[in-house]
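Here is how the chains run, residue by residue.
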Amino acid sequence: MSRSIVRQSKFRHVFGQAVKTDQSYDDIRVSKVTWDSSFCAVNPKFLAVIVESSGGGAFLVLHLSKVGRVDKNYPLVVGHSGPVLDIDWCPHNDNIVASCSEDTTAMVWQIPDHTPSRPISEPIVVLEGHSKRVGIIKWHPTARNILLTAGGDNLIIIWNVGTGEPLMTMDDHPDLIYNVSWNYNGSLFCTTCKDRRLRVCDPRKNEVVAERLSPHEGIRPMRAIFTKEGNIFTTGFTRMSQRELGLWDPTNFEEPIALLELDTSNGVLLPFYDPDTNIVYLSGKGDSSIRYFEITEEPPYVHYISTFSSKEPQRGMGFMPKRGVDVSKCEIARLYKLHERKCEPIMMTVPRKSDLFQDDLYPDTAGPEPALEPEEWMDGRDADPILVSMRDGYVPPKSRELKVAKKNVLDTRPATRRSMSVIDGSSLPLGVLLMFLHLACHLKEGRGGTQGNGTKVKK
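All residue numbers refer to positions counted from 1 along the written sequence of the respective chain. In keeping with the predicted nature of the model, local features appear solely for residues at pLDDT of at least 70, side-chain atom pairs appear and are counted solely at 80 or more, and the whole-chain, interface and lining totals rest on all residues. Only heavy atoms go into the side-chain values, all of them from the structure, while hydrogens and water stay out.

A. Broad picture of the sheet that holds strand 19 (residues 207-213). Strand pairing is defined by DSSP finding a minimum of two bridges between the two strands. Going along the chain from the N terminus, every DSSP run of H or I of four or more residues is numbered as a helix, and every run of E of two or more is numbered as a strand. Spatially, the four strands line up as an open sheet ordered 16-17-18-19, and their pairing is antiparallel. Looking at the sheet topology across the chains shown, the edges are occupied by strand 16 (177-182) and strand 19. With strand direction ignored, the average angle separating the axes of adjacent strands in the sheet is 20°. Where strand 18 (residues 197-202) and strand 19 come together, six bridges link them in antiparallel fashion. Within strand 19, the position partnered with Asp202 by the bridge is Glu207. Angles shown run from 0 to 180 degrees and are taken between the N-to-C directions of axes, each axis being a line fitted to C-alpha atoms and, for helices, limited to the stretch in contact.

In structure tokens, the structure reads:
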């Protein structure tokens, strides 16, 4: 008698559940721009959504607690002169968000802890270096103030936001870049491109260290992300336009570790990866479902877990960092699904009977402190994220200001130190000069002048 062997995994019964209606964010005019970004970014403090806006680009930032209907006059973050295409929260400061736009610029914003009374229109820094629209923006996972942008000019620029200056520019892509993903410690990133190549790039050497032509044979856009172990997970299309996912070893691109056909649909699958659990959540624009898979070291390496289905198609999706989930409810992930007029949180939960903290579900996760300074990273150092415990939950710290110190060419000249005992007339105002002249004349007259009784005094 044969028995089917069931794979042992603590995530085998993960299920998705949408929050109640009154816990959603309603009346949000989600952007209609035709660009394959997620249109949504979230962290333990704020939810940001790219919205429709007249006279330029804008996005909405809400406190996570501000659920319900959003006032139509709620202050937006405005400043771009063209539609906003992508946004990303800084992993090391929950009040800092970066945005990029069709106006060829990227901007970095400080969001106050309190609800603003008027639109936020002054960015901390404007990053200008692209000649065409900027469609991708990604913070470095471990180094402070390092930001990557990719534009329609096929350039990738890495910036030091603390000085507002570009650190390096890569021009290895001959066509439009579809997506960029840093690896776990930020030493490499992978890209997918319209020329159907998957590339692994070393930014500090400014070179492509590995590439693979057509990991998926279809001509439609691909997506790629690094896993914690250093493999690359990809989504794309077969030659017959079936959606497909793959797992690759970047040190040996000849054959995939795993290749799996899914279904026939037009929407590009956006992957969201949790390095703590090794689970990938796949969300396609226009789909009404979220599939999730576990990546392991045993064949077939990519294991289908389940699908969360709903009635409404999604316009975009946000993914909460692990430190923002509710450990008391055994929640291992939370996604924010964008509808046409609202944003709906979806909780991914492992069913457990105990209310105690589940050590096996929550290993230490990446915290908000950077592991490296920009100069250390540029000098070639690498470091994994600094981990924090989830045992007592995570309390976001108060707002910390990001200071930008722009270099001035005039600051490089040594300043001439003036001695206070010598008066330089060229640097004094006219009124002060006249006062000194009058005083000098008065003293001169006093030497050959009169005494107090009016009698002349001889020299």
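On we go.
B. Geometry of unusual backbone geometry. At the junction of Pro299 and Pro300, the peptide bond is cis and its omega measures out at 5° in the coordinates. Within the fold, Pro300 resides in the loop between strand 26 (289-295) and strand 27 (302-309). If you check the backbone angles, Asn154 has positive phi at about 65° while not being a glycine. Among the structural elements, Asn154 can be located in the loop between strand 13 (146-151) and strand 14 (156-160). Only protein chains enter the accessibility calculation, which uses a 1.4 Å probe. A residue is then buried if its area is under 20% of the maximum for its type, exposed if over 50%, and partly exposed in between. Under the relative-accessibility criterion, Asn154 is labelled buried at 17%. In this model, Arg196 sits at a positive phi of 70°, which is unusual for a non-glycine residue. Positionally, Arg196 belongs in the loop between strand 17 (189-193) and strand 18. Here Arg196 falls in the partly exposed class, since its relative accessible area comes to 29%.

C. Spatial organisation of the pairing of strand 16. Of all the six residues making up strand 16, six are buried; the element is thus mostly covered by neighbouring parts of the structure. Taken together, the five bridges between strand 16 and strand 17 define a ladder with antiparallel strand orientation. If you follow Asn179 over to strand 17, its bridge partner there is Thr192. Counting the residues between successive antiparallel strands, the hairpin from strand 16 to strand 17 contains six residues, one of them, Gly186, with a positive phi of roughly 75°.

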